[in-house]
Every structure is written in structure tokens, then in C-alpha cells.
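Chains, contacts and geometry: an overview
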Amino acid sequence: MFRIETEKELLSAFRSRDRKFVELPKGTRVPLFIRDYLAWVDPYGVRVFLVFTAPGAQRPTGIAFRRDQQGDKTSATGVCDWCRAAGASDQIGLLTTDVDSKRRVGVNVCLDLRCGEKLEAAANLSGRSVLDDNRQLIERMARFASEALGIEFSSDA
Ligand SMILES: [Zn+2]
């Protein structure tokens, strides 16, 4: 659980190159109390935003993704890299983000980033606790941010 006090704080979680794309979800009210992570899709369905707090970090990290491929229900199913849910390619596909002005990286995940809800539903069915699954999910997000984007998580407040 973490808390974001102001819209400015939410925006400042994103890298400066991402900030110009960030459109807060309609009706965002601060402070925001976020249990595991916050994800939302822009009104055009083109950009997907993620805010999470890496293990041990004091400040949240934001990533602005773009959906580069159009969903196509007829093609094969895929598996989300982050929550391991399986789905058709209109549900699971490539989200990309800029590393710098020359490079983009992608990750194959749930296109709406509702990984947490899927983990919860799966855990409810099996009667397991979702805590471990959620921890792994956040660790995978953090690994992507640090390995693919070179984001460093400061442990200073
Ligand atoms: Zn997922």
C-alpha cells in the first residue's frame, strides 16, 4: 500500500520524457491510496500508464506505455510476462515505451495491465493467498523498469 498526495506527485513518478503523455484518469482525487499498483488506459486506448513502488523504494515509479499493435482476436493466444495469465491477442500483447530518443523496449503483458485483478481472481478460485503473487508481480514490474529502462529506485525519501 502506498499513498500519493498530489497530482504533481503522481506526475513526477514518471520520467520527464513520459510526462507529456500522461493524462490522469478522469475523476482522479488525491490523496490516492494504492494497494499494489495503479494502471489506467487513456481515453483513446492508445497509451497505458503504470505507477508502482519498487520493493524497498521510497518513491513510486511511473511508466507510460504505448500499444503498438492492434488486437486481433483470430491470432494465437499469448501469456502475460507479468501475471502469467493467458489470453487472446486483443487482451495480451506488446506494450512499448521509450528508453531514449532512439530506442524503444517492449514487454508482452495484459494490454489493460489488470494483472492484479487476474491474480486475485485466480487466487480466490484456488483458495490461496494473493500476497505472494502480488509481490512477484511488482518485482517483475520493477525488474523491467530497471533492466529495460535503466530506472534506478532511490531508497531515500
Ligand atoms: Zn498480466
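The notes below deal with the structure included here. Keep in mind it's a predicted model, so treat the numbers as computed, not measured.

**Looking at the overall build of the chain**
- Counting secondary structure elements, the chain contains 4 helices and 9 strands.
- Seen in sequence order, the chain has helices and strands lined up from the N terminus as β-α-α-β-β-β-β-β-β-β-β-α-α.
- The globule rule puts the C-alpha radius of gyration for 157 residues at 15 Å, and the 15 Å found for the chain is close to it.
- In terms of principal-axis extent, the alpha carbons of the chain reach across some 45 × 40 × 35 Å.
- Burial status across the chain gives 25% buried among its 157 residues.
- If you take every contact in the chain between residues at least 6 apart in sequence, the share linking residues at least 24 apart comes to 53%.

**Remarks on unusual backbone geometry**
- Between Val 30 and Pro 31 the backbone carries a cis peptide bond, its omega angle lying at -5 degrees.
- With respect to the helices, strands and loops of the structure, Pro 31 is situated in the loop between helix 2 (16-19) and strand 2 (32-34).
- Even without being glycine, Arg 84 reaches a positive phi, approximately 70 degrees.
- Tracing the backbone through its elements, the reader meets Arg 84 in the loop between strand 6 (78-79) and strand 7 (86-87).
- For Arg 84, a count of 15 C-beta atoms within 10 Å corresponds to the partly exposed category.
- Unusually for a residue other than glycine, Leu 113 sits at a positive phi of about 55 degrees.

**A short note on the pairing of strand 5 (residues 61-67)**
- The buried fraction of strand 5 amounts to 5 of the 7 residues, a majority that puts the element mostly inside the structure.
- Pairing geometry for strand 4 (residues 47-52) and strand 5, over 6 bridges, is antiparallel. Paired with Arg 47 across the bridge in strand 5 is Arg 66.

**Here's the deal with the sheet that holds strand 8 (residues 92-98)**
- With respect to topology, 5 strands assemble into an open sheet ordered 3-4-5-8-9, the strand pairing being antiparallel. Strands with a single pairing partner mark the edges of an open sheet, and in this sheet they are strand 3 (37-41) and strand 9 (104-110). Between one strand and the next, the sheet's axes are offset by a mean angle of 30 degrees, whatever the strand orientation.
- As judged from the 7 bridges shared by strand 8 and strand 9, these two strands associate in the antiparallel manner. Bridge pairing in strand 9 places Ile 92 opposite Cys 110.
- Of the strands in this sheet, strand 3, strand 4, strand 5 and strand 9 are in contact with helix 4 (residues 131-147), which crosses strand 4 at around 110 degrees.

Reading guide: rules and limits
- Residues numbered from 1 in each chain as written.
- Predicted model: local features only at pLDDT ≥ 70, side-chain atom pairs only at ≥ 80, totals over all residues.
- Helix = DSSP H or I, 4+ residues; strand = E, 2+ residues; numbered from the N terminus.
- Rg over C-alpha atoms; globule rule 2.2 N^0.38 Å.
- Buried ≥ 20, exposed ≤ 12 C-beta atoms within 10 Å, placed from the backbone.
- Contact = placed C-beta atoms within 7 Å.
- Pairing = 2+ DSSP bridges.
- Axes fitted to C-alpha atoms, helices over the stretch in contact; angles between N-to-C directions.

Distances and angles like these do not, on their own, reveal function.
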